Amino acid sequence: MDFKKGEIKGVVIEKLIKFTDERGYLVETFRIDNLPKEIKPTMSYISYTKPGITRGPHEHEEQTDIFCFMGPGNFKVKLWDNRKESDNYGNCLEVIGGKDNPIRVVVPPGGSSWL
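Quick caveat, the model's predicted, so the values are computed rather than measured. (Residues numbered from 1 in each chain as written. Predicted model: local features only at pLDDT ≥ 70, side-chain atom pairs only at ≥ 80, totals over all residues. Heavy atoms only, no water.)

> Kindly report on a nonpolar patch on the surface, identifying the contributing residues and their values.
A surface patch of nonpolar side chains, amounting to about 320 Å² of accessible area, comprises Ile17, Phe19 and Leu26. For Leu26, the position within the fold is in strand β4 (residues 24-27). (Patch = residues over 30% accessible without salt bridge, like charges linked within 9 Å, V, L, I, M, F, W, Y side chains within 5 Å. Areas by Shrake-Rupley, 256 points an atom, 1.4 Å probe, with all protein chains shown as cover. Salt bridge = Lys/Arg side-chain N within 4 Å of Asp/Glu carboxyl O. Helix = DSSP H or I, 4+ residues; strand = E, 2+ residues; numbered from the N terminus.)

> Could you give an account of the nonpolar core, with specific residues and numbers?
Core analysis: the largest hydrophobic core is formed by 11 residues, namely Ile8, Val11, Phe67, Phe69, Phe75, Val77, Leu79, Val95, Ile103, Val105 and Val107. Counting only elements with at least two residues in this core, the list comes to β7 (64-69), β8 (74-81) and β10 (103-107). With 9 residues, the next largest nonpolar core counts Leu16, Val27, Leu35 and Cys68 among its residues. (Core = buried A, V, L, I, M, F, W, Y, C linked by side-chain atoms within 4.5 Å. Buried < 20%, exposed > 50% of the residue type's maximum accessible area, 1.4 Å probe, protein only.)

> For the pairing of β10, give the residues involved together with the corresponding values.
For β10, a buried count of 5 out of 5 residues is recorded, marking the element as mostly surrounded by other parts of the structure. Residues Ile103, Val105 and Val107 point to one face of β10 and Arg104 and Val106 to the other, with burial holding for every one of them. As defined by bridge partners, strand β2 (residues 12-15) adjoins β10 across 4 bridges and the pair is classed as antiparallel. Residue pairing in the sheet places Ile13 in a bridge with Val105 of β10. (Pairing = 2+ DSSP bridges.)

> Mind laying out the side chain of Asn91, listing which residues take part and the relevant values?
Mapped onto the elements, Asn91 comes out in strand β9 (residues 91-98). Judged by relative accessible area, which is 7%, Asn91 ranks as buried. Non-local contacts of Asn91, meaning those with residues more than four positions away in its chain, are made with Phe3, Lys4, Gly6, Glu7, Ile8, Leu79, Trp80 and Asp81. (Contact = heavy atoms within 4.5 Å.)

> I'd like a description of the environment of Glu94, backed by residues and values.
Within the secondary structure, Glu94 is located in strand β9. Spatially, the C-alpha atoms of Glu94 and Lys5 are 8.5 Å apart, while their sequence positions differ by 89 residues. Excluding its chain neighbours within four sequence positions, the residues that come into contact with Glu94 are Lys76, Val77 and Lys78.

> How would you sum up the packing of aromatic side chains? Please name residues and give values.
Going through the model one piece at a time under the given rule, you end up with 2 aromatic pairs. Ring geometry for Phe69 and Phe75: centres 5.5 Å apart, planes at 55°, overall tilted. Judged by its relative accessible area of 18%, Phe75 is buried. Cation over ring: Lys18 sits above Tyr25, and NZ or CZ is 4.3 Å from the ring centre. (Phe/Tyr/Trp six-rings, centres within 6.5 Å; stacked < 30°, edge-to-face > 60°. Lys NZ or Arg CZ within 6 Å of the ring centre and 35° of its normal.)

> Hey, could you go over the environment of Ile53 for me, with residue numbers and the actual values?
Structurally, the position occupied by Ile53 is in the loop between β5 (41-46) and β6 (58-59). Given the relative accessible area of 53%, Ile53 is considered exposed. For the pair Ile53 and Lys18, spaced 35 residues apart in sequence, the C-alpha to C-alpha distance is 25 Å.

Here it is, written out as structure tokens:
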């Protein structure tokens with residue numbers, strides 16, 4: 001398949017806010033009230049990946065996933081639309097997330113990501 005840069009319907013990328021004090025920090029990785037009503041996430045997690053390691057590809061046909069990238073390093077996240085019925089089928093996008101740009105990425109069912 002030939003991919004082209006473009007929007008992927010249902011993908012939401014948002015900046016994560018880290019609340020820090022002398023005890024440490026807190027980050028809200030998931031809040032139902034800040035997502036579009038049609039998005040029903042099944043899970044949210046944070047994973048540590050060692051330097052030089054690539055994860056993926058990752059895809060769920062029937063569930064929405066939330067990935068959070070906070071560091072300690074930075075990650076190149078590649079997403080593509082693998083839903084043949086989608087107007088955005090074959091579209092792809094890249095975003096850098098992690099220490100320098102903490103983000104939450106919501107991936108809709110059938111959407112693919114390479115982490």
